[in-house]
Amino acid sequence: MEKTILIGGEAGLGSAVTSHFIGKIFASLGYYVFNYRDYPSLIRGGHNFNILKISDKPVYSHEYKYDFILALDQKTIDIHKKDLKKGGLVFKSKEMEPKILANDVLIGLLFKHFGVNLDILFTASEKVFGKKADLIKKAIEDGYQSGSQKEPIRRGSGQEKYFISGTEGIGIGSIAAGLDVYLAYPMTPTTPLLTFFAKRQLENNILVFQPENEMAVINAALGASFAGAKAMVGTSGGGFALMTEGLSLAAMTELPLVIYLGQRPAPATGLATHTAQGDLKFALNAGHGEFLRVVLAPGDAKEAAVRTQEAFYLTNKYRIPVILLGDKHLAESNYTFDEIEKSVLTESRFILENPPQDYKSYKITENGISPRAVPGQGPIVLANSYEHNDYGHTIEDSAWAVKMQDKRFKKINYLKKEIGKLNPVSVYGRGSNLLISHGSTKGALLDALPQLKNFRFLQISYLKPFPAEMVSREIKKSKKVILVENSATGALADVIKEETGIVIKNKILKYDGRPFIPEDIIKSIKKIKR
Amino acid sequence: MKPEDFGTKETNTWCPGCPNFGILQSAKEALAELANEGKLSVKDAALVVGIGCHAKIYDYLNLNGFNGLHGRVLPVCLGIKLGNPNLTVICFGGDGDTFDEGVSHFVHACRYNANITMMVHINQVFALTTGQATALTEKGFVDGSTPLGQGEKPINSLVLALELGATFVARGYALQVPHLKELMKKAIIHKGFSYIDILQPCIVYHKHSVPYLNKNIYKIEETHDAGNFSQALEKAREWDYSYEKDTKVPIGVFYQTQRPTFESQWPQLKQPWYTVDRKINWDNIIREFK
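Please read all numbers here as calculations on a predicted model, not as lab measurements.

Definitions and cut-offs
- Residues numbered from 1 in each chain as written.
- Chains lettered and ligands numbered in written order.
- Predicted model: local features only at pLDDT ≥ 70, side-chain atom pairs only at ≥ 80, totals over all residues.
- Helix = DSSP H or I, 4+ residues; strand = E, 2+ residues; numbered from the N terminus.
- Rg over C-alpha atoms; globule rule 2.2 N^0.38 Å.
- Buried ≥ 20, exposed ≤ 12 C-beta atoms within 10 Å, placed from the backbone.
- Contact = placed C-beta atoms within 7 Å.
- Core = buried A, V, L, I, M, F, W, Y, C linked by C-beta atoms within 7 Å.
- Nonpolar A, V, L, I, M, F, W, Y, C, P; charged D, E, K, R; others polar.
- Pairing = 2+ DSSP bridges.
- Axes fitted to C-alpha atoms, helices over the stretch in contact; angles between N-to-C directions.
- Domains from an automatic or database assignment.
- Right-handed = clockwise from strand over helix to strand, strands pointing away.

> So, the overall build of chain B: which residues are in play, and what are the values?
Tallying secondary structure elements over chain B gives 10 helices and 10 strands in all. Relative to its length of 290 residues, chain B is compact, with a C-alpha radius of gyration of 20 Å against a globular reference of 19 Å. Residues classed as buried in chain B amount to 54% of the 290 residues present. Restricting the contact set of chain B to residue pairs at least 6 apart, pairs at least 24 apart contribute 71%.

Set out below in structure tokens:
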């Protein structure tokens, strides 16, 4: 079984809610689902749509050919009908008051078509909509009764699936890692993480606050970190630009901080509600001065949960900033998984229990990591943006300047060793040719792979420190090497060249604000072959 | 404790005779007295500074400290309160630091009313970068970046603090240590955002303010009602930070009121986070996605 459903309508009519609801029901029936969301930057009107791909085999991407169109307005039909597959069906909402229930009628119609028991829909409505469920159930029932059963489905393969977005993956990863304080200024596509935490703050005993701007966000997060909290901030490219001064401060003060950078097309405001991977080099190089950082890019929601836990672990253990690089496609797409595992890494705070009275905030140690104490424990604890001695007092002399810069960079060898054990790269498929990518392109590449002959896919999850040897080894044993990136220039090729000396000539790039679908990759590979 | 106990062995690099020494002395005395009176736990005090001459106080006061970035003093303070509400957060800023680079943070800090104390060294120049005009420099001031004379009137920082909702607003003079010390003690004890404007004439780049302030400063305590907001505003407007003609310059506590603090809005913020022992229940965390 494999079905693709488009749900569309004006903003405010509920195409995203509808799509999520349908996806969740299919996931609960044991099907694999991928939910793609496409919307412009407006609140009411316009045209929003979602594409749901449902399959009895794992699926991580969407397509633009539909078995069903669920139209909440006429515009949806006008725009998308040309992409209806042969024999595909259009379900159109009927005129009704209140208008907002029209989507529920379509839900009823669709599931009647598949012969799904009405009770399942009712239970799901109660779970999702709570008190409002009665009206919704009535509308679903209306649709259900007016429809007809055409393609009854059985339960999908295996058990009920987890249905989860990239944002939610980062959210649960953070909670599992022991997040204490989340600070962010709203910016698409990372606002959903702000609201995810805000909604769950009491239940999970975390604190969420939206300061006046991104400079305040990162400086306040470092204040919280100084005081001993596990702190995280979230933003997109423009907000990250404002935070770069603070990123450099995090490095100099050696205060742990996780920065979630959700990319969207730029320069400047770009395409605010769409997707891109154009900030890779920005994440790798942002901030004045030379300092260590970790940049990691999860490829789907499940990986996001694990990588986020790694981010907290590394920032607290090594006292260096960690950037979690995502994008709109990862953040706002829903994926299904049979299992979601917790990382095996410790959630330790890496804070001394009883720091000695002669504690030194920047003690020079063999691995460069100074044991951490926090104010209130007893001894004086310092954080200094100016170059400092081991105690934390300001210095001007050349010997200390060198000593401290060396101390901070000494961590790299230990960090590299540790990252080597965290699966910094993954190789999928078999073949002598190689596709290389990072981040959210993983979904389309995994789904394209079975349709490609003789190709492996190398996903690079740690972009800093760069797993140069592993990447180099994979490239060297491959015939044709192709880079895939949601950008105009293919920055990862430059990064690979800088880190390994290897030049990648073939690039499949996409920079229209939309994510790759498998077909894009398959078609482009054919062109390269020719 | 003695005021000297709050000193460090670091070499002081302020200019000889700089009024900043008066601020440092006032702070040491205020801290020692508060500690002796049982009103301050020294190990739970944290100092935050920005960048500029004022910031050197980070190295001269023996407290937990965060020497941050230019203009970003207040967000760091807020963050510290969010990280550990039990810490007594005391910060110093410069007038350029606070009212140029960091003015957005000042605006919001007055609104938020976090329980922190901010003291701004008002010398009306960017001294460490050789004397350029700040947002508080008087109109007509000539320096390297304004050879034609500073074009605008200065911000009145006291009026700004009052209008935006600071719950403790005072002005002191760096050369009147006993009075400034008392202001600092009151500010630190006050529950909410305390702001002290500290006039600290720069003896190198803004010399004319020393004789002017020595002549015109007067204390308001005996006649002023610090509970009266409109009287406070009126007092704050008596002097507009300019030097054209002699105007009386009031110092003292202008206004004090009570309002719920910033940090009290989160019921979950009860103890330092580093003392929270989290029991992670993975099954609970992922349950909602099935």
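> Please set out the overall build of chain A residue by residue, giving values where relevant.
For chain A, the count of helices and strands is 18 helices and 20 strands. In terms of overall size, chain A behaves like a compact globule, its C-alpha atoms giving a radius of gyration of 25 Å where 530 residues would be expected to give roughly 24 Å. When the backbone C-alpha atoms are referred to their principal axes, chain A occupies close to 80 × 60 × 40 Å. Expressed as a percentage of the 530 residues in chain A, the buried residues total 54%. Of all intrachain contacts in chain A linking residues separated by at least 6 positions in sequence, the fraction that spans at least 24 positions is 74%.

> An account of unusual backbone geometry is requested, with residue identities and associated values reported.
Of note, the bond from Thr188 of chain A into Pro189 of chain A is cis; its omega dihedral lies within 30 degrees of zero at 10°. Along the chain, Pro189 of chain A turns up in the loop between β7 (181-184) and α7 (191-199). The peptide bond linking Ala266 of chain A to Pro267 of chain A adopts the cis configuration, its omega dihedral lying at 15°. Structurally, the position occupied by Pro267 of chain A is in the loop between β10 (258-263) and α11 (280-285). The backbone of Arg319 of chain A shows a phi angle near 55°, a positive value even though the residue is not glycine. Inspection of the secondary structure puts Arg319 of chain A in the loop between α12 (301-318) and β12 (322-327). At Tyr241 of chain B, a position not held by glycine, the phi torsion is positive, near 70°. Mapped onto the elements of the fold, Tyr241 of chain B is located in the loop between α9 (229-236) and β10 (249-256).

> Outline the nonpolar core, listing residues and values.
The biggest cluster of nonpolar side chains holds 240 residues, and the ones touching the most others in it are Val181, Ala221 and Leu324 of chain A together with Cys77, Cys91 and Val169 of chain B. Filtering out sequence-adjacent residues up to four positions away, Cys91 of chain B remains in contact with Leu47, Val48, Val49, Val73, Cys77, Ile116, Thr117 and Met118 of chain B. Counting residues in hydrophobic clusters, the runner-up holds 8 residues, among them Val125, Ala127, Cys202 and Tyr205 of chain B.

> A description of the interface of chain A and chain B should follow, citing residues and the corresponding values.
Often, the extent of an interface is quoted as the loss of accessible area upon association of its parts. Of the residues lining the interface, 52 residues belong to chain A; the matching set on chain B comes to 42 residues. Of all the secondary structure elements, the ones that give two or more residues to the side of chain A that touches chain B are β6 (162-165), α6 (166-176), α8 (201-204), β8 (207-209), α9 (214-226), α10 (237-253) and β14 (382-384) of chain A. The dominant element in the side of chain A that touches chain B, judged by the number of residues it contributes, is α9 of chain A, at 10 residues. Looking at the side of chain A that touches chain B residue by residue, the classes come out as 30 nonpolar, 14 polar and 8 charged.

> Lay out the sheet that holds strand β9 (residues 231-235) of chain A in plain terms, naming residues and giving numbers.
Residues and elements named next belong to chain A. Pairing is mixed across the open sheet formed by 7 strands, whose spatial order is β8-β7-β9-β10-β12-β11-β18. Each edge of the sheet is formed by a strand with only one pairing partner; in this case those strands are β8 and β18 (462-464). Averaged over all pairs of adjacent strands, the angle between strand axes in this sheet comes to 20°, irrespective of strand direction. Note: β7 against β8, 3 bridges, orientation parallel. Bridge pairing in β8 links Leu183 to Phe209. Its contacts with the sheet put α9 on β7 and β9, and the angle it makes with β9 is roughly 165°.

> Before we move on, could you go through the pairing of β10 of chain B and cite the residues and values that matter?
Residue and element names in this part refer to chain B. As paired elements, strand β7 (residues 168-173) and β10 share 4 bridges and run antiparallel to each other. Counterpart to Phe168 in the pairing with β10 is Gln256. Bridge count for strand β9 (residues 217-219) against β10 is 3 bridges, and the pairing is parallel. Bridging from a neighbouring strand, Tyr218 pairs with Pro250 of β10.

> Tell me about the environment of Glu29 of chain B, and name the residues and values.
Residue and element names in this part refer to chain B. With respect to the element layout, Glu29 can be found in helix α1 (residues 20-36). Between the alpha carbons of Glu29 and Pro3 there is a distance of 4.8 Å; along the sequence they are 26 residues apart. In this structure Glu29 touches Pro3 and Lys181, once residues within four positions along its chain are discounted.

> Quick rundown of the sheet that holds β14 of chain A? Include the residues and the values.
The 9 strands are arranged β14(A)-β2(B)-β1(B)-β3(B)-β4(B)-β8(B)-β7(B)-β10(B)-β9(B) in an open sheet whose pairing can be described as mixed. The sheet is open, and its two borders are formed by β14 of chain A together with β9 of chain B, each paired with just one other strand. In this sheet, neighbouring strand axes are inclined to one another by 20° on average, regardless of whether the strands run parallel or antiparallel. Bridge count between strand β1 (residues 45-49) of chain B and strand β3 (residues 88-94) of chain B: 5 bridges; the pairing is parallel. Looking across to β3 of chain B, one finds that Val48 of chain B is bridged to Cys91 of chain B. Running at roughly 165° to β7 of chain B, helix α6 (residues 157-164) of chain B makes contact with β4 (116-122), β7, β8 (194-199) and β10 of chain B of the sheet.

> Lay out the domain arrangement of chain A in plain terms, naming residues and giving numbers.
All names here are of chain A. Along its sequence, chain A is organised into domain 1 (2-160), domain 2 (163-337) and domain 3 (425-529). On a C-alpha basis, the centres of domain 1 and domain 2 stand 32 Å from each other. On the side of domain 2, 9 residues touch domain 1, which itself brings 14 residues to the contact. Broken down by secondary-structure element, the contributors of at least two residues to the side of domain 1 that touches domain 2 are α1 (15-28) and β2 (32-38). It is β2 that contributes the most residues to the side of domain 1 that touches domain 2, 6 residues altogether. Here the residues of the side of domain 1 that touches domain 2 sort into 8 nonpolar, 4 polar and 2 charged.

> Before we move on, could you go through the pairing of strand β5 (residues 84-92) of chain A and cite the residues and values that matter?
All names here are of chain A. Relative to β5, strand β4 (residues 66-71) runs parallel, the two being bridged by 5 bridges. Across the sheet, the residue bridging to Tyr66 is Leu84, located in β5. Remark: the β4/helix α2 (residues 74-80)/β5 crossover connection has right-handed handedness.

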